[in-house]
Amino acid sequence: MAGLVVIPEPTADEARVGALVEALEAFGFDVHRTGGEPAVLGAMGVAPDFDVRHIKVLPGVQDVVRITSPYKFASRTWHPDDTLVDVDGVVVGGDEIVVMAGPCSVESEDQLRAAATAVQASGARILRGGVFKPRTSPWSFQGLGLPGLELLARIGEELGLPVVTEVMEPSLVPEVARYADILQIGARNMQNTPLLTAVGRVDRPVLLKRGAAATVDEWLGAADYILAEGNPDVMLCERGIRTFSQATRNTLDLSVVPVLRERTHLPVVVDPSHAVGVARWIPDLAVAAVAAGAHALIVEVHPDPTVALSDAAQALTPDAFAAMMERVGRVGAALGRH
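Values in this document were obtained by computation on a predicted structure and should not be read as measured data.

Criteria and thresholds
- Residues numbered from 1 in each chain as written.
- Predicted model: local features only at pLDDT ≥ 70, side-chain atom pairs only at ≥ 80, totals over all residues.
- Heavy atoms only, no water.
- Buried < 20%, exposed > 50% of the residue type's maximum accessible area, 1.4 Å probe, protein only.
- Helix = DSSP H or I, 4+ residues; strand = E, 2+ residues; numbered from the N terminus.
- Pairing = 2+ DSSP bridges.
- Axes fitted to C-alpha atoms, helices over the stretch in contact; angles between N-to-C directions.
- Left-handed = near helix turned anticlockwise from the far one by under 90°.
- Contact = heavy atoms within 4.5 Å.
- Nonpolar A, V, L, I, M, F, W, Y, C, P; charged D, E, K, R; others polar.
- Polar contact = N/O pair within 3.5 Å; in protein donor to acceptor, adjacent residues only side chain to side chain.
- Salt bridge = Lys/Arg side-chain N within 4 Å of Asp/Glu carboxyl O.
- Parallel < 35°, antiparallel > 145°, perpendicular 65-115°, else oblique.
- Core = buried A, V, L, I, M, F, W, Y, C linked by side-chain atoms within 4.5 Å.

**Thoughts on the pairing of strand β3 (residues 41-46)**
It is a general feature of regular strands that their side chains alternate between the two faces of the sheet.
Turning to step 1, where the next piece is worked out: Of all six residues making up β3, five are buried, and the element is well covered by its neighbours.
Turning to step 2, where the next piece is worked out: Pairing between strand β2 (residues 30-33) and β3: four bridges, direction antiparallel. From the neighbouring strand, R33 faces β3, where its bridge partner is L41.

**Remarks on the packing of helix α3 (residues 109-121) against helix α4 (residues 146-159)**
To describe two helices that pack against each other, one gives the angle between their axes and the distance between the axes.
Turning to step 1, where the next piece is worked out: Remark: α3 packs on α4, axes separated minimally by 10 Å, with the N-to-C direction vectors making an angle of 35°. Note that α3 runs across α4; the crossing there is right-handed. Facing E109, L112, R113, A116, T117 and Q120 of α3, the residues of α4 in contact are L151, L152, R154, I155, E158 and L159.
Turning to step 2, where the next piece is worked out: Of the residues in the contact of α3 with α4, the class split is six nonpolar, two polar and four charged.

**Description of the sheet that holds strand β9 (residues 163-166)**
Turning to step 1, where the next piece is worked out: As summarised here, the arrangement of the eight strands in space is β7-β8-β9-β10-β11-β12-β13-β14, forming a closed barrel in which the pairing is parallel. The mean angle between the axes of side-by-side strands here comes to 25°, regardless of whether they run parallel or antiparallel.
Turning to step 2, where the next piece is worked out: In the sheet, β9 pairs with strand β10 (residues 182-185) via three bridges, with the strands oriented parallel. From the neighbouring strand, E166 faces β10, where its bridge partner is Q184.

**Remarks on the side chain of N250**
Turning to step 1, where the next piece is worked out: Residue placement: N250 occurs in the loop between β12 (234-238) and α8 (256-263).
Turning to step 2, where the next piece is worked out: One polar contact links the side chain of N250 to the main-chain carbonyl oxygen of H274, over a distance of 3.0 Å.
Turning to step 3, where the next piece is worked out: Dropping the residues within four chain positions of it, N250 is found in contact with R239, G240, I241, R242, H274 and A275.

**Thoughts on the pattern of salt bridges**
Turning to step 1, where the next piece is worked out: What the rule picks out here adds up to 17 salt bridges.
Turning to step 2, where the next piece is worked out: Measuring nitrogen to oxygen at the nearest pair gives 2.5 Å for the salt bridge that ties R125 to E96. Remark: E96 occurs in the loop between β6 (90-92) and β7 (98-102) and R125 occurs in the loop between α3 and β8 (126-128); sequence separation between them is 29 residues.
Turning to step 3, where the next piece is worked out: Note that K209 is salt-bridged to D271, the shortest N-O span being 2.7 Å. Of this pair, K209 sits in strand β11 (residues 206-209) while D271 sits in the loop between β13 (268-270) and α9 (272-276); the two residues are 62 residues apart in sequence, bridging distant segments of the chain.
Turning to step 4, where the next piece is worked out: Under the relative-accessibility criterion, K209 is labelled buried at 3%.
Turning to step 5, where the next piece is worked out: Judged by relative accessible area, D271 falls into the buried class, the value being 1%.

**Details of the packing of helix α10 (residues 282-292) against helix α11 (residues 318-334)**
Turning to step 1, where the next piece is worked out: For the pair α10 and α11, interaxial distance at closest approach is 9 Å and the crossing angle is 20°. As far as their axial angle goes, α11 and α10 are roughly parallel. Once α10 is placed against α11, the crossing between them reads as right-handed. Between α10, through P283, D284, A286, V287, V290 and A291, and α11, the contact on the second element is made entirely by M324, R327, V328, V331 and G332.
Turning to step 2, where the next piece is worked out: Across the contact of α10 with α11, the residue classes break down as eight nonpolar, one polar and two charged.

**Digging into the nonpolar core**
Turning to step 1, where the next piece is worked out: By size, the foremost hydrophobic cluster in this structure holds 75 residues, and its most contacted members are V167, V199, L208, L297 and F321.
Turning to step 2, where the next piece is worked out: With seven residues, the single largest contributor to this core is helix α7 (residues 216-228).
Turning to step 3, where the next piece is worked out: In this view, L208 contacts I185, M190, L196, W219, A222, A223, I226, V234, M235, L236 and C237; residues no more than four positions away in its chain are not counted.
Turning to step 4, where the next piece is worked out: Core analysis: the second largest hydrophobic core is formed by 18 residues, V6, V31, A43 and V61 among them.

In C-alpha cells:
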C-alpha cells in the first residue's frame, strides 16, 4: 500500500482542513497531520491504482503527491521542513551543534559525576551513559541496570543535563522513559519492530542508531515504525557500518549525512566513537561529521579510560574531549553554526 501527501490551499482554515480529513477517512485512508502551518495531511493505506483525482477535486486542496518511497513519515515529501527535536530545552536539528557525551557505561557515582562534570565544562549539552549494555560476549560487563538508570537521571538533574540511554526490550520502555530524556535504540535493535513500536508510544525523543549492515531505506523504514505510532521526535544516528575494512572497528559512513539531509526531515547525529573504536582518531571524525552537515555528535568520555569496564579503547579523556570540542567549535563557526 502506498501513501499520499495532501496539501491544503494556503487559505484553508481549520474547518476546511477538518473537512478534508473527514473526506479522506471516508475513502478508507488512515490520515495523519503534520504540526506545521499550513497543515499537511498524509493519507496512508492507498491502493497503488487509486485515482488521486478523487482527492484533487475536493474543496480546499492545492495539490496531491503520491509517496513512492518504502518509508512514508520519514520522507521529506511528507514533511518538507526540518524536524526540530526539543530535549528539555536543548534543540537538535537546528543551527546549534549539539554534543551528547559521557561514559559508555555507568559504573559508579564517582565515575559518572566526574565524566558528567567534565563534558559539561567543555560544552556538552546532553549526558550519555549506558545502563543496559548489549555486549558481544555474555561474560562482558552488562551494565548496572535500573540502579544505574536512577543514578544517571539524578546526576543529570543535578547538573541540568538531559540524559540519553539505551533501552533494549519493550517491557522496559515505560520504566526507562520515567528517568531518561532520550531513549536510544542501539544498532542491534534497529529492526526490532516490537521495541520500535513501544518507543513510538511514549512521550520521549528517540535516538535510532543505524544497524551495522542496514541500508538507508531499511533505516528510514525503522524510523517509520516509531513515527507511525505518533512519536514525531526521532533522531537518526550513524555509528559506522560493517565493511571489508578491518582498519577501524566499523566504517563511518559520512556520505550518509548529506543523503539523509536530502531524503528526510529528521535530525542527523553521528557517533564517531563506535565507528572508529580508537580514541585518538575520534576528534578527526567528529570534525568531519560537522563539516558534512551533522546536527549533533554523541561521544564517549571516561575520567580514566584505563579502568573503563567497557569500550576503553574508544573513550576520550576529559582533556582530549575538551580539545575536540574546541576544534568542533571552530569548524562550526566557519559554517555559520554554533
